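In case you want the letters, here they are:
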Amino acid sequence: MLALRHGEQLRARLIIVCRRHLATLQQPSLTSPFSETAHSEYTDTPEYPPIRDLNFKSRKRQEATDWHEEIRKVPTIEEKIIKLNMPRYYGYKVVDLTDTKIPYNALPLTQHYTRTAFEELSAPTPVPAPAPVPPAEGGADDKFEAFVKTARADVIDAVELAHDDYRNKLTLLDTPPDAVTRELQLTQIILEQLNRVLLQTLIADYAHLHEIEVDYNPRHEAFWVVGGVDPPKNVVKSKQGREWQKEYANDTVDRMVQYTGAPYMALRHHQQLPTWKTAEESENAALAQQLPRFNNDARTLGYPTKYQHAVITPGYWPSAHAPNFGFLSFQSRARLQLRPNPNDLQDLQEALHALAIQSSYAWLLAQAYYNGFNTYNELTYPMNTQTVITNGREWSFYEYQLNTVLVHGKHVDENPRVNFCRGTAPLPLYGEITSAGRCVDFNDDTLRQLFRFYTNAPDVQRSADELQPYVGGPTLRRVADYDDPEKREFLEKTFKYLASKRPRHLELPEIYMWEKLYKIDNKTRAMEAKRRFFELDINPWRRTLDQHDKEYVSRQVRPGGKKNREGRFKKTYYP
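Residues numbered from 1 in each chain as written. Predicted model: local features only at pLDDT ≥ 70, side-chain atom pairs only at ≥ 80, totals over all residues. Heavy atoms only, no water.

Just to check I follow, could you spell out the packing of helix H4 (residues 77-85) against helix H15 (residues 485-500) for this structure?
If you want to describe how two helices pack, look at the angle between their axes and the distance between the axes. Two numbers describe how H4 lies on H15: the axes approach to 10 Å, and their chain directions differ by 60°. Our classification of the angle between H4 and H15 gives oblique. Crossing of H4 against H15: the hand is left-handed. Facing Glu78, Glu79, Ile81, Ile82 and Asn85 of H4, the residues of H15 in contact are Lys487, Leu491, Glu492, Thr494, Phe495 and Leu498. Considering only residue class, the contact of H4 with H15 consists of five nonpolar, two polar and four charged. (Axes fitted to C-alpha atoms, helices over the stretch in contact; angles between N-to-C directions. Helix = DSSP H or I, 4+ residues; strand = E, 2+ residues; numbered from the N terminus. Parallel < 35°, antiparallel > 145°, perpendicular 65-115°, else oblique. Left-handed = near helix turned anticlockwise from the far one by under 90°. Contact = heavy atoms within 4.5 Å. Nonpolar A, V, L, I, M, F, W, Y, C, P; charged D, E, K, R; others polar.)

Pasting the structure below:
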């Protein structure tokens, strides 16, 4: 009886506690966070979640946008470039643009691939040179003409000395070099001598020349993605063979582009060159629609394709204090004499324009990569450079302004921004060098134009946050800013390995001819064990950059002792 009575008392107390708890849940206090949440669930106007289009094309576009956002959020410059290469272990299939090969009719393709509007100048740009600092007595034009007259004799002596020096070198060779090699070597000597003369003449009155850094034969390489290209026949045929992809069979595709160049000489500065197009002129949707479109495959013009990683090199490594902005580059035109009809002036002129646009765009794009931008993340400010194409005697002068880097996917049709390039026809610096080694018919107008490029002072200075808005912050912009030495070493090694373009340690798997005949085209070896990659439905081109064996750590140096099995392999720090 006592046990039953005690049990009834406990049951009654439990019921009272439960009732109090339920009452508390039904009537929350006004200061409770649950009551605030309950009240915040209701608004005067209904708020619906975004409705996403779930068809195949929209889902693919959303996946690409998410990946581009992931690249933008990567904190350091080197990691962004590594992230760009993550989808492909063996590299992308790229259109190989170089400064050594400009096919016939390459200008429309170049304008399409770089989104560039070109303006041809019939004469040197009539822009007066900026006044030196501090300004001297007299007008800027008078001072400029005085510099030209002072340097004229020194420039003539430099040209004559370069020809005489090279002529003596040729006499020491048993086999004379071919025409292209002769032009490359002679032009290199002339440019080095002229650069020395111009800097000596101007450096005392133009302060910006004190900070110029000169690179000889640097690597200029850039990678970008272009949209609006007709799909290859194998892609069309593959999509037409699938019922749900037939409607997308003829949609345009994106092409990866890799530019590789090595100019004679490149000059860099800490500050940017001033722009010559305003923001309103740069954002012109009507002009963007009028740009030439080259929808055919680049191979139809003769450009080859190859597999390689995305390599971005503006001639230097990422650095916080180096001159990171291009001032002036000198490009070669030696191989243009190998064209089928080198005497066709119209074809030669278009080839020079195409070469100037490609080299200028690639150099500025590589500099943009080193400031945190890339082919998927748009520029927030314009970038400018100057380009000269010469063979020592004839000189073509170009200015380029980079306003946008978005030319992939739908941006090739919808992006209102346009890049601009303006340039001159080839201008002779001198007529000829006589047998006595004298320079004849020297052209002062060409020398003035060269002086204008050197005296164009870079005066655009931006804050670090404005220059690099997509990096991790003031304390984390480059891999060298990481405190962890192991992570810093891994990322630095990976970045420079990709930039070196060395082949992978294991070559790409190959399908042999007998396998194509007996295993793929004709199923004649059904009883043989399926061990090859194509029999296991493995696509080696889909292998990602991080799909490899990790580096083994020997027991003697293993952290945690010899018997620590968790530290057998080094960590990887892929972004």
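Which parts of the structure should I look at to understand the packing of aromatic side chains?
Any aromatic ring pair is given by two values, namely how distant the centres are and how the planes are angled relative to each other. This model, assessed by the stated rule, comprises 21 aromatic pairs. An angle of 75° between the planes, with centres 5.4 Å apart, marks the rings of Phe373 and Tyr470 as edge-to-face. Taken as a pair, Phe373 in the loop between helix H11 (345-369) and strand S9 (383-390) and Tyr470 in the loop between helix H14 (464-467) and H15 lie far apart in primary sequence, 97 residues in all. Each member of the pair, Phe373 together with Tyr470, is buried. Through pairs of rings, three or more aromatic residues link up here, namely Tyr89, Tyr90, Tyr307 and Trp541. Across the ring face of Phe420, the terminal group of Lys277 is positioned such that the distance to the ring centre comes to 4.9 Å. The lysine or arginine in question, Arg543, covers the ring of Tyr89, its NZ or CZ lying 3.8 Å from the ring centre. (Phe/Tyr/Trp six-rings, centres within 6.5 Å; stacked < 30°, edge-to-face > 60°. Buried < 20%, exposed > 50% of the residue type's maximum accessible area, 1.4 Å probe, protein only. Lys NZ or Arg CZ within 6 Å of the ring centre and 35° of its normal.)

When you look at the sheet that holds strand S5 (residues 253-261) in this model, what are you seeing that I'm missing?
The pairing of strands in a sheet happens through backbone hydrogen bonds and is either parallel or antiparallel. With mixed pairing, four strands are arranged side by side in an open sheet as S4-S5-S1-S7. Each end of this open sheet is capped by a strand with a single partner; those strands are strand S4 (220-229) and strand S7 (305-308). In this sheet, adjacent strand axes meet at a mean angle of 45° when their direction is disregarded. In the sheet, strand S1 (residues 92-98) pairs with S7 via four bridges, with the strands oriented antiparallel. (Pairing = 2+ DSSP bridges.)

It is not clear to me how the side chain of Thr76 should be interpreted in this structure. Could you clarify?
By secondary structure assignment, the location of Thr76 is in the loop between helix H3 (56-73) and H4. Reaching out from Thr76, the side chain makes a polar contact with the side chain of Glu79 at a distance of 2.7 Å. In this view, Thr76 contacts Leu476, Arg477, Arg478, Val479 and Tyr482; residues no more than four positions away in its chain are not counted. (Polar contact = N/O pair within 3.5 Å; in protein donor to acceptor, adjacent residues only side chain to side chain.)

Can you walk me through a positive patch on the surface in this structure?
Together, Arg555, Lys562, Lys563 and Arg565 give the surface a local cluster of positive charge. On the secondary structure map, Arg555 appears in the segment after helix H16 (513-521). (Patch = residues over 30% accessible without salt bridge, like charges linked within 9 Å, V, L, I, M, F, W, Y side chains within 5 Å. Areas by Shrake-Rupley, 256 points an atom, 1.4 Å probe, with all protein chains shown as cover. Salt bridge = Lys/Arg side-chain N within 4 Å of Asp/Glu carboxyl O. Lys, Arg positive; Asp, Glu negative; His and termini not counted. Charge placed at Lys NZ, Arg CZ, Asp CG, Glu CD.)

What is the right way to look at the environment of Glu378 in this model?
With respect to the helices, strands and loops of the structure, Glu378 is situated in the loop between H11 and S9. Note on Glu378: relative accessible area 15%, which makes it buried. Counting along the chain gives 306 residues from Glu378 to Arg72, while the straight-line C-alpha distance between them is 9.8 Å. With near-sequence residues (within four places) excluded, Glu378 lies in contact with Phe373, Asn403, Thr404, Val405, Leu406, Asn415, Arg417 and Tyr470. A polar atom in the side chain of Glu378 sits 2.6 Å from the side chain of Thr404. There is a polar contact of 3.0 Å between the side chain of Glu378 and the backbone nitrogen of Val405.

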